[in-house]
Amino acid sequence: MAGLAVSASPAPAPASFRPAAAASRFGPCAQVAGPAANFRTRVCGLRCLIAAKLKFRKALKRHGWQLRRNLEVRANDKVPDWLEATPLTENIMSRDVQLAYDSGGETSNTCPDTLDSSVIEQSSMHHKLNPSETHPPVLKEDPVLFDDPPESAAPLCIAVIGATGELAKNKVFPALFALYYSGFLPQNVGIFGYSRKTLTDEDLRSMIEANLTCRVDHHENCDEKLNEFLKRTYYIDAGYDNKDGMVKLNSKMSQIEGNCAANRIFYLAVPQEALLDVALSLADSAQTMQGWNRIIIEKPFGFTGLSSHRVTQSLLSRFEEEQIYRIDHLLGKDLIENLTVLRFSNLVFEPLWSRTYIRNVQVIFSEETAAEIQGRYFGNYGIIRDIVHSHILQTIALFAMEPPVSLDGEDIRDEKVKVLRSIRQVNLEDVVLGQLKDTSVKVDRYTKSLTPTYFAAAMYIDNSRWDGVPFLIKTGIGLMENRAEIRIQFRHVPGNIYRERFGHDIDLDTNELILRDQPEEAILLKVNNKVPGLGLQLDASELNLLYRDRYNVELPDLYEHLLLDVLDGDSHLFMRSDEVAAAWNVLTPLIHEIDQNRIAPELYEAGGRGPVNAYYLAAKHGIAPPGAAEAEKCILHGKEFDTASNRD
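First, a word on what this report is: a plain description of the structure on this page. (Residues numbered from 1 in each chain as written. Predicted model: local features only at pLDDT ≥ 70, side-chain atom pairs only at ≥ 80, totals over all residues. Heavy atoms only, no water.)

Let's shift gears to the packing of aromatic side chains. Across all of its chains, the model carries ten aromatic pairs by this definition. For the ring pair tyrosine 325 and phenylalanine 574, a centre distance of 5.2 Å and an interplane angle of 85° mean the geometry is edge-to-face. You can see tyrosine 325 sitting in strand S8 (residues 324-327) and its partner phenylalanine 574 sitting in the loop between helix H19 (558-568) and helix H20 (577-597), a full 249 residues away along the chain. Residue tyrosine 325 is classed as buried on the basis of its relative accessible area, which comes to 3%. With a relative accessible area of 0%, phenylalanine 574 lands in the buried category. With a centroid separation of 5.6 Å and an interplanar angle of 75°, the aromatic rings of tryptophan 466 and phenylalanine 471 are classed as edge-to-face. Each member of the pair, tryptophan 466 together with phenylalanine 471, is buried. If you follow lysine 474 out to its NZ or CZ, it ends over the ring of tyrosine 615, 5.7 Å from the centre. (Phe/Tyr/Trp six-rings, centres within 6.5 Å; stacked < 30°, edge-to-face > 60°. Helix = DSSP H or I, 4+ residues; strand = E, 2+ residues; numbered from the N terminus. Buried < 20%, exposed > 50% of the residue type's maximum accessible area, 1.4 Å probe, protein only. Lys NZ or Arg CZ within 6 Å of the ring centre and 35° of its normal.)

Moving on to the nonpolar core. Ranked by size, the top nonpolar core spans 124 residues in total, and within it Phe173, Leu249, Leu268, Phe399 and Phe455 carry the most contacts. With eleven residues, helix H15 (residues 382-400) is the single largest residue contributor to this core. There are two domains that each give this core at least three residues, and those are domain 1 (156-298) and domain 2 (331-634). Discounting residues that sit within four places of it in the chain, leucine 268 has contacts with Ile161, Leu275, Val278, Ala279, Leu282, Ile295, Ile296 and Glu298. (Core = buried A, V, L, I, M, F, W, Y, C linked by side-chain atoms within 4.5 Å. Domains from an automatic or database assignment. Contact = heavy atoms within 4.5 Å.)

For the rest of this paragraph, the subject is the pattern of salt bridges. Considering all chains together, one arrives at 23 salt bridges under this definition. Of the charged contacts, one joins lysine 418 and glutamate 415 as a salt bridge, the two residues approaching to 3.5 Å between their closest N and O atoms. In this pair, lysine 418 and glutamate 415 both sit in helix H16 (residues 409-422), three residues apart, roughly one turn of the helix. Note that lysine 416 is salt-bridged to glutamate 579, the shortest N-O span being 3.3 Å. Here lysine 416, found in helix H16, pairs with glutamate 579, found in helix H20; they are 163 residues apart in sequence, far enough to count as distant. For the pair formed by lysine 416 and glutamate 579, the shared burial category is buried. (Salt bridge = Lys/Arg side-chain N within 4 Å of Asp/Glu carboxyl O.)

Here the focus is unusual backbone geometry. Here the residue pair lysine 299 and proline 300 is connected by a cis peptide bond, since its omega of 0° sits within 30 degrees of zero. Counting through the fold element by element, proline 300 comes out in the loop between strand S7 (293-298) and helix H12 (305-316). With an omega dihedral of 10°, the bond running from glutamine 518 to proline 519 counts as a cis peptide bond. Position of proline 519 among the secondary structure elements: in the loop between strand S14 (512-518) and strand S15 (522-530). We note that arginine 598 has phi near 45°; this positive angle belongs to a residue other than glycine.

Turning next to the packing of helix H10 (residues 242-257) against helix H11 (residues 272-285). In the contact formed by H10 and H11, the axes pass within 9 Å of each other and the chain directions differ by 45°. As judged from the angle between their axes, H10 and H11 are oblique. Both H10 and H11 take part in a crossing whose hand is right-handed. Of H11, the residues touching H10 (which contributes Asn242, Lys243, Met246, Val247 and Asn250) are Asp277, Val278, Ser281, Leu282 and Ser285. Partitioning the contact of H10 with H11 into residue classes produces four nonpolar, four polar and two charged. (Axes fitted to C-alpha atoms, helices over the stretch in contact; angles between N-to-C directions. Parallel < 35°, antiparallel > 145°, perpendicular 65-115°, else oblique. Left-handed = near helix turned anticlockwise from the far one by under 90°. Nonpolar A, V, L, I, M, F, W, Y, C, P; charged D, E, K, R; others polar.)

With respect to the element layout, arginine 205 can be found in helix H8 (residues 201-210). Taking relative accessible area as the criterion, arginine 205 reaches 15% and is therefore assigned buried.

This next bit is on the pairing of S8. Along a regular strand, successive side chains alternate from one face of the sheet to the other. Taking every second residue as pointing to the same face, both faces of S8 are buried, with Ile324 and Arg326 on one and Tyr325 and Ile327 on the other. For the crossover that starts at S7, traverses H12 and ends in the parallel S8, the hand is right-handed. (Right-handed = clockwise from strand over helix to strand, strands pointing away.)

Another point: the sheet that holds strand S5 (residues 233-237). Strand order in this open sheet of six strands is S5-S4-S3-S6-S7-S8, and the pairing throughout is parallel. Whereas interior strands pair on both sides, the edge strands pair on one side only; in this sheet they are S5 and S8. Ignoring which end each strand starts from, the neighbouring axes of this sheet average 20° apart. Pairing of strand S3 (residues 156-161) with strand S4 (residues 189-195) involves six bridges; the strand directions are parallel. Across the sheet, residue isoleucine 158 finds its bridge partner in S4, namely isoleucine 191. Against the sheet, H8 makes contact with S4 and S5, and its axis sits at roughly 120° relative to S5, the strand it touches most. (Pairing = 2+ DSSP bridges.)

A separate point is the packing of H15 against H20. Where H15 contacts H20, the axes come no closer than 10 Å and their chain directions differ by 135°. Comparing the axis directions of H15 and H20 gives the class oblique. The two elements H15 and H20 meet at a crossing, and its hand is right-handed. Note on element contacts: H20 touches H15 through Glu579, Val580, Ala583, Trp584, Val586, Leu587, Ile591, Ile594 and Asp595, opposite Ile384, Arg385, Val388, His389, Leu393 and Gln394. Split into classes, the residues belonging to the contact of H15 with H20 amount to ten nonpolar, two polar and three charged.

Function cannot be inferred from these measures alone, as they are strictly geometric.
Listed below in structure tokens is the structure:
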């Protein structure tokens, strides 16, 4: 085993380690005895520590993330003084034992064949022996420390259920390969495709290779890595009975895992109507008994609050809550992750995050493409169930939550639930529904339904921090651009003596913070500034942080981000069962009222800004639409302003 071992003289030394050999490798410092040699021992320990760090840095560049996680220092117990020189070496030696707890808290064991039991036994004895009765340890350096990949990590199997679907082909498999290429998957990983189609392993590999559109396909050694990845990919023909299919899957996984304890991830890329049959069959026949199991479920999470509750209860009858990861790929955006970072790590913003200083908040998400209108949007689910229930409400919850106790997923989700439970019931008068107007033959047959493709609403959070602050949400498809941003508009400066220098629109002197993910990643802060030159004319200018100018890095795909979180056991971007229920409690009364009154959505043109009534809704709640301040500013300066082409 790669590592540094320590041994006390009373413990039997293994055959591979003799004092003479140790002396030849470490010189005169190697053989030390008694407390009098304490200083010399520390010097030797420091020497070994420096050598270990140098090798660690070299190996980290070569093998990626896994070494860093395996070398986490977890021992908090008191140790004798003469052992203080070697805490790192002991953690290196026991990294395989501790890996079981690195991925989310579930119990897991590593393969016994990969552990040097004599070395582990010796290490445990050193903590139990009294230093007054024993000699200090003689340090032993393993010549292969970090020179080989950490193959001793517990095997990982990832099964993609519904492997021949568009989601799996275009998103999941490319994301898995990107993680494998970048070193975020263990070397002993197995990838399994599960579907009812009659295919072979080679058919699945050809399909993955043909649809590989991930961000690393143009990098060096990509072909070599791809071949390695494909060799670890296998296909399972499920047939028409998932119970038998899961037995086949379990058998194939067991062959790959051998006798080792192993961990398993199941990605359920299946339609909602097939979810329970697949999940329950999986629970009965495909879970590993010696490691952790995690299942990933795609949105939408139910059709109504009642149906969602039934699905949740069925899942919890076979799985623990910690095993379930409800994925919404839109929550993998850097915009979402940056919400808590920007707020809780910057003193300039944290005190302002309340009704005292914030006048309104806008959450905007729009898409140009209307490709999905032939599916869930115009067919069954609509944009409320698909986008608002998960992505929009989760964004609001992360934005408005109280500071969590820690960054632990459960602590963050506890605070998100409180926000969702505090959202006031939405009145129909504060809602605008829209439906994409299209003349194509395929779309016309869906427009007879009342399923909305655009949704705008003003929501209020009834708690002490946000009482009276409107949260305007706007989301739709088939609009003029892809747009994802959060706009925070601050209140006016009381008694602002410069307000007359802006003209007649008092909104021009309002500070605004914009967190943008699309069309390009940026953080913008609108501040008031004097226009250079004679006189005293003020202007609303932007302090901007454009990611493309500041960071020369490739942004990972959203699925890469979230799949890595699942692997690490990080659940803060995944909805817990009580979060799902709380979100449905916000939307269910509104959906029932819309259905009962058969509210007809306002039609809007493809490539436009959406329903006109959305602007009246914003004005009703005192929210200036994006671009209004710029239009007023141009008018004041005698310039033309094209609202149709303005991208704000």
